[in-house]
Amino acid sequence: MTILHVSDLHFGVPHRPVVAEALLRFVEEASPAAIVVSGDLTQRAKAREYRAAREFLDRLPPVPLVVTPGNHDVPLYRVWERFFAPHSNYHRYIAPQLDTVLDLYGAGDAPGLRFVALNSTAPLAAIVNGRLSDRQLDFAAAAFARTPKGARRVLVIHHNLLRPGDGKPVPPLPRSPHILRRAEAWGVDVVLSGHIHRTHLAWSGGGSAGDDARGLPIVVTGTTSSNRGRGAEVGRNSLNLVAVDGSGVDVTVYLYRQEADRFLAHENRRFTRRG
């Protein structure tokens, strides 16, 4: 089963409609088993931006969809709303819950997937860098403890848990070493996230995909449909196809090519577990 991993759509001023249309065509061709949108659906959390995001999500094929909010999905300048109802538009247009669990069952003997998505936005404490509370980590622990037998475990958050390897440094989510240690204890197979606007594939304990296993596979996609790419992806848009199997995680990175008006495969990386 293949997961389509996209992030940082940024409906609003930075959004690139032509790339979003290419994304819809890509989804039809790739036929993923599930789609993950790891935050920043909007630029300024405005109702009109959320309506556009909702209309886009409704055009996706009817496959399981995992969505989590990003820091741009809560108001920045509308201070009253940020303090007292930061996720009101997200709840109205996207989903009623912020921390979610979704099971995807494999066909025949194929293993299924359990997705646990945690809301890492922190409108009061850290508008940019985010937070995960102990309550949320306990929620994830309980959810992964109930994983169906044989199913692989996927953790989805918006914020990065590692510093990216290129471009301007972006601080990782506060307490990231603690979060990663707990995720290892939960038996997580892969972490999917966004936020840094460029692809980053690495082991949580150090080293790039393809190196010897050290910790968990961390898979970050760039901005899939905005003009806010960073590092090696300035002016670029990207997405990942992620396959989780018994021996590891296979990631194919796709970049949007303007001359072809489509997403084309850029590189493939493999995370192979020890043993």
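Scroll up a little and you will see the structure.
Described below are features of the structure shown in this document. (Residues numbered from 1 in each chain as written. Predicted model: local features only at pLDDT ≥ 70, side-chain atom pairs only at ≥ 80, totals over all residues. Heavy atoms only, no water.)

## Examining the overall build of the protein chain
Then comes step 1: A tally of regular secondary structure across the protein chain gives 6 helices and 12 strands.
Then comes step 2: Taken against the 2.2 N^0.38 rule, which gives 19 Å for 275 residues, the C-alpha radius of gyration of the protein chain at 17 Å falls within 12% of a compact globule.
Then comes step 3: With respect to the principal axes defined by its C-alpha atoms, the protein chain has extents near 50 × 45 × 40 Å.
Then comes step 4: Look at the contacts in the protein chain between residues 6 or more apart in sequence, and 69% of them connect residues 24 or more apart. (Helix = DSSP H or I, 4+ residues; strand = E, 2+ residues; numbered from the N terminus. Rg over C-alpha atoms; globule rule 2.2 N^0.38 Å. Contact = heavy atoms within 4.5 Å.)

## Digging into the pattern of salt bridges
Then comes step 1: In this structure the tally under the stated criterion is 12 salt bridges.
Then comes step 2: The partner of R59 in a salt bridge is E21, with the nearest N and O atoms 2.8 Å apart. Within this pair, whereas R59 is found in the loop between α2 (47–58) and β3 (65–68), its partner E21 is found in helix α1 (residues 17–30), the two being separated by 38 residues in sequence.
Then comes step 3: Exposure remark for R59: the relative accessible area of 47% places this residue in the partly exposed category.
Then comes step 4: Relative accessible area serves as the criterion here: at 31%, E21 is assigned to the partly exposed category.
Then comes step 5: In this structure, R78 engages E81 in a salt bridge whose closest nitrogen and oxygen atoms are separated by 2.7 Å.
Then comes step 6: Overall, the relative accessible area of 18% leaves E81 in the buried class. (Salt bridge = Lys/Arg side-chain N within 4 Å of Asp/Glu carboxyl O. Buried < 20%, exposed > 50% of the residue type's maximum accessible area, 1.4 Å probe, protein only.)

## Comments concerning the packing of helix α5 (residues 134–145) against helix α6 (residues 176–185)
Describing two packed helices takes the angle between their axes plus the distance from one axis to the other.
Then comes step 1: Viewed as axis vectors pointing N to C, α5 and α6 meet at an angle of 15°, and their least axial separation amounts to 10 Å. Relative to α6, α5 is oriented roughly parallel. Crossing of α5 against α6: the hand is right-handed. Here α5 contributes D134, L137, D138 and A141 to the contact with α6, which in turn contributes H178, I179 and R182. (Axes fitted to C-alpha atoms, helices over the stretch in contact; angles between N-to-C directions. Parallel < 35°, antiparallel > 145°, perpendicular 65-115°, else oblique. Left-handed = near helix turned anticlockwise from the far one by under 90°.)

## Focus: the sheet that holds strand β1 (residues 2–6)
Then comes step 1: One open sheet holds the 6 strands; their spatial order is β3-β2-β1-β10-β11-β12, and the pairing between them is mixed. In this open sheet, the two edge strands, each paired with only one partner strand, are β3 and β12 (262–272). If you compare each strand with its neighbour and ignore which way they point, the axes differ by 20° on average.
Then comes step 2: Bridge count between β1 and strand β10 (residues 238–245): 4 bridges; the pairing is antiparallel. Looking across to β10, one finds that L4 is bridged to L241.
Then comes step 3: Relative to the sheet, α1 contacts β1, β2 (34–38), β10, β11 (248–257) and β12, its axis offset from that of β12 by approximately 60°. (Pairing = 2+ DSSP bridges.)

## Digging into unusual backbone geometry
Then comes step 1: You will see that H195, though not glycine, has its phi angle at about 80°, which is positive.
Then comes step 2: For H195, the position within the fold is in the loop between β7 (190–193) and β8 (200–203).
Then comes step 3: Since its relative accessible area comes to 8%, H195 is described here as buried.

## Some thoughts on the pairing of β8
Then comes step 1: The two faces of β8 match: H200 and A202 on one face and L201 and W203 on the other face are all buried.
Then comes step 2: Where β8 lies against strand β9 (residues 217–220), 4 bridges are found, and the strand directions are antiparallel. When the bridges of β9 are listed, H200 appears paired with V220.

## Let's talk about the side chain of T68
Then comes step 1: Counting through the fold element by element, T68 comes out in strand β3.
Then comes step 2: T68 sits in the buried class, given a relative accessible area of 0%.
Then comes step 3: At 3.2 Å, the side chain of T68 and the backbone oxygen of L118 are in polar contact.
Then comes step 4: Each residue touching T68, except ones within four places of it in the same chain, is listed here: V37, S38, G39, L41, Y90, L98, A117, L118, N119, V156, I157 and H158. (Polar contact = N/O pair within 3.5 Å; in protein donor to acceptor, adjacent residues only side chain to side chain.)

## Structural notes on the sheet that holds β7
Then comes step 1: Strand order in the open sheet made by the 6 strands is β4-β5-β6-β7-β9-β8, with mixed pairing throughout. Strands with a single pairing partner mark the edges of an open sheet, and in this sheet they are β4 (100–104) and β8. This sheet shows a mean twist of 20° between the axes of neighbouring strands, independent of strand direction.
Then comes step 2: When strand β6 (residues 152–156) meets β7, the two strands line up parallel, connected through 3 bridges.

## Observations regarding the packing of aromatic side chains
Then comes step 1: By the definition in use, this model includes 9 aromatic pairs.
Then comes step 2: Consider the rings of F26 and F263, whose centres lie 6.2 Å apart with planes at 65°: the pair is edge-to-face. Of the two residues, F26 is situated in helix α1 and F263 in strand β12; the sequence distance between them amounts to 237 residues. Just as F26 is buried, F263 falls in that class too.
Then comes step 3: Centre to centre, the rings of Y50 and Y93 are 6.3 Å apart; their planes meet at 10°, and the pair counts as stacked. (Phe/Tyr/Trp six-rings, centres within 6.5 Å; stacked < 30°, edge-to-face > 60°.)

It is worth stressing that arrangement in space is one thing and function is another; only the former is reported here.
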